[in-house]
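Architecture at a glance
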Amino acid sequence: MKYFLLAIVMSVAIGLKAQNTINQYKIYDFKKQKEISIDNIVADMKNADVLFFGEEHNDSIGHALEAEILKKINQAYPQQVALSMEMFYTDIQPVLNEYLADVISEKNLIKEGRAWENYNDYKPLVEYAKTNKLQVIAANAAARYSNAVTKNGLAMLKNFPKTSLSFLPPLPIDTATGRYYEKFTGLLGGHGMGTMKVYQTQNFWDATMAWSISKFSKINKGIKILHLNGRFHSDEKLGTIAKLQQYSPQLKILNISAFADEGFEKPDWIKYSNLGDYIIITDPTIKKSY
């Protein structure tokens, strides 16, 4: 009875928060060439396996929409959905599982799970998953591994002991060339040895998240996955999506690119046509979450 009441409270809270943001975002479907609602995305998930939500980490409206999408997917496909998060690391999956099983406190989850500083932005999703007994994938690579790659390159990963390999994607990990690399160097302001090592770290994060999703999907057939990451990881279906297509080419993937847009009142959708299946723009005048 306690969990039933908690489920109702969480569902109402998420619904109210999303309702409060209804005029603060717009969604465009490039296949249909028109503005749509969250319900349209949920309906499209009938024929998809994974939905990427590429976020801006400080976008409070985007976080509210993530929680609403998770709730609506679970309502449409009961107990056939899991949440995957860049915001937790593969080596703390047991800690996350213990929290979802309600045998450790939130304080333990935050401390021992090394939760992000803005965990409160993601708390509604975790709590909804906990209340509704949904699995949550700790998808990203721990800092000690990414720091090693940044310092010494991807080849350094082969020096880790066998006990570490369960937290790492299959080695070797390739470094993506072409458009993704050009976008990355443009972001960092140029090429160079230092840039390449940081770029290899980006590829490592992509590979780890993709491998985490792929591994889960192979064990949990038919479970739809909502994956959250910074949008650079999935825009243009590059990065993590490209790596996932390598690991599990049979998976059907949809992706959202969500961000605040200065042209919110009169969106120029065409200039974003290469970013994703769906574009969500949010009102840039709304206070960010941190």
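This text gives an overview of the structure that appears in the document. (Residues numbered from 1 in each chain as written. Predicted model: local features only at pLDDT ≥ 70, side-chain atom pairs only at ≥ 80, totals over all residues. Heavy atoms only, no water.)

1. Re the overall build of the protein
Summing up its helical and strand segments, the protein has 10 helices and 8 strands in all. Here the protein holds 290 residues, and 54% of them are scored as buried. For the protein, long-range pairs separated by at least 24 residues make up 73% of all intrachain contacts whose partners lie at least 6 apart in sequence. Put simply, the protein shows about 13600 Å² of open surface, and 56% of that area lies on carbon and sulfur atoms. (Helix = DSSP H or I, 4+ residues; strand = E, 2+ residues; numbered from the N terminus. Buried < 20%, exposed > 50% of the residue type's maximum accessible area, 1.4 Å probe, protein only. Contact = heavy atoms within 4.5 Å. Areas by Shrake-Rupley, 256 points an atom, 1.4 Å probe, with all protein chains shown as cover.)

2. Focus on the sheet that holds strand S3 (residues 50-55)
Pairing in this open sheet of 8 strands is mixed, and the strands run S2-S1-S8-S7-S3-S6-S4-S5 from one edge to the other. At either margin of the open sheet sits one strand with a lone partner, and together these are strand S2 (34-36) and strand S5 (136-140). Strand-to-strand twist in this sheet, taken as the mean axis angle between neighbours without regard to direction, amounts to 25°. Where strand S4 (residues 81-89) lies against strand S6 (residues 224-230), 5 bridges are found, and the strand directions are parallel. Bridge pairing in S6 places Val81 opposite Lys224. Running over the sheet, helix H3 (residues 60-76) touches strand S1 (25-29), S3, S4, S6, strand S7 (253-260) and strand S8 (278-282) and is turned about 170° from S3. (Pairing = 2+ DSSP bridges. Axes fitted to C-alpha atoms, helices over the stretch in contact; angles between N-to-C directions.)

3. Some points on the packing of aromatic side chains
Enumeration over the complete set of coordinates arrives at 11 aromatic pairs. Ring geometry for Phe184 against Tyr199: centres 5.1 Å apart, planes inclined by 50°, an arrangement best described as tilted. One end of the pair, Phe184, is in helix H8 (residues 179-188); the other, Tyr199, is in helix H9 (residues 193-219), and 15 residues separate them in sequence. Here Phe184 falls in the buried class, since its relative accessible area comes to 5%. The buried category is assigned to Tyr199, whose relative accessible area is 0%. (Phe/Tyr/Trp six-rings, centres within 6.5 Å; stacked < 30°, edge-to-face > 60°.)

4. With respect to the side chain of Lys130
Among the structural elements, Lys130 can be located in helix H6 (residues 119-131). In this structure, Lys130 is in contact with Tyr99, Leu100 and Asp102, ignoring residues within four places of it in sequence.

5. Some remarks on the pattern of salt bridges
Side-chain pairing between opposite charges can occur once the charged atoms of the two side chains come close. Using the criterion set out here, one finds 14 salt bridges in the structure. The residue Glu68 makes a salt bridge to Lys71 at a minimum N-O spacing of 3.5 Å. Taken together, the residues Glu68 and Lys71, both in helix H3 and 3 residues apart, mark about one turn of the helix. For Glu236, the salt bridge is made with Lys183, and the minimal N-O distance between the two is 3.4 Å. Taken together, the residues Glu236 in the loop between S6 and helix H10 (240-247) and Lys183 in helix H8 connect sequence positions 53 residues apart. For Lys183, a relative accessible area of 14% puts it in the buried group. Within the structure, one salt-bridge network assembled from shared partners comprises Asp39, Glu68, Lys71 and Lys72. (Salt bridge = Lys/Arg side-chain N within 4 Å of Asp/Glu carboxyl O.)

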